[in-house]
Amino acid sequence: MSTTKTPAKLETIRALLAKAEDSRTPEAEAELARKRAFEMMAKYGVEQAMLNDANPASDAPTDRKIVLDNPWAMERVRLINRIALALGCELIHLGRDGSGPARRVHIFGYASDLQRVELLYTSLLLQMNSGLAAQSVPPGQGARA
């Protein structure tokens, strides 16, 4: 395996997760796509660790700044922070983005770990949003004007 195939694998995983979370995808097919994506994520992590042992320069420490939008910006900060810590990265909450309600974070870690943080964070957001969209609001509990 070469490191040039890594972006293609990440795109495949993202496509599988998007298919799994698409409301038009039949449940059995969505479950299969989700399972395959998780298998690839697990496999990719093992392969990346092996590559890094063989060539330590291929996975250098790096950082990323990410803007987390509303709604629920602070909860998104907490979510990505927990994911970053679990994957061996460090996160600094930089506060609000200018005068708006969005939040900024700065994450530090190895490049492969940061990719996994972003991938898992995106996957969890998709799952939460599709779960929320599938819920119905009980009569009389809708938004008030």
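A brief look at the structure comes next.

About the cut-offs
Residues numbered from 1 in each chain as written. Predicted model: local features only at pLDDT ≥ 70, side-chain atom pairs only at ≥ 80, totals over all residues. Heavy atoms only, no water. Core = buried A, V, L, I, M, F, W, Y, C linked by side-chain atoms within 4.5 Å. Buried < 20%, exposed > 50% of the residue type's maximum accessible area, 1.4 Å probe, protein only. Helix = DSSP H or I, 4+ residues; strand = E, 2+ residues; numbered from the N terminus. Contact = heavy atoms within 4.5 Å. Expected span 1.5 Å × (residues − 1). Arc of directions from axis to C-beta. Salt bridge = Lys/Arg side-chain N within 4 Å of Asp/Glu carboxyl O. Lys, Arg positive; Asp, Glu negative; His and termini not counted.

Here we take up the nonpolar core. Core analysis: the biggest nonpolar cluster contains 14 residues, and L68, I80, V105, I107 and V117 have the highest contact counts within it. Secondary-structure elements contributing two or more residues to this core are strand 1 (61–68), helix 3 (73–86), strand 3 (103–110) and helix 4 (111–133). Those residues in contact with V105 that sit more than four places away from it in its chain are R64, K65, I66, L68, V77, I80, L91, I92, H93 and L94.

Take helix 3 next. Helix length check: helix 3, at 14 residues, gives a terminal C-alpha distance of 20 Å against a target of 20 Å (1.5 Å per residue), a fit within 8%. For helix 3, the complete set of buried residues consists of A73, R76, V77, I80, I83 and A84. In an axial view of helix 3, the angular spread of the buried residues amounts to 135°, which keeps them on one side of the axis. Exposed side of helix 3, more than 90 degrees from the buried face: R82 and A86 are the residues found there. Packed against the buried residues of helix 3 are strand 1, strand 2 (90–96), strand 3 and helix 4. Phi turns positive, to about 80°, at G88, one or two residues after helix 3.

The end-to-end C-alpha distance of helix 4, which contains 23 residues, comes to 33 Å, matching closely the 33 Å that a straight helix rising 1.5 Å per residue would cover. Looking at helix 4, one finds that the buried residues are S112, D113, L114, V117, L119, Y121, S123 and L125.

As a further point, take the pattern of salt bridges. Under the definition given, this model contains seven salt bridges. Residues R24 and D22 are paired through a salt bridge, measuring 2.9 Å at the closest nitrogen-oxygen approach. For R24, a relative accessible area of 71% puts it in the exposed group.

Looking at the element boundaries, R76 is found in helix 3. Nearest to the buried, unbridged R76 among oppositely charged side chains is D69, at 6.4 Å. Look past the residues within four positions of R76 in its chain and what remains in contact with it is L68, D69, P71, Y121 and L125.

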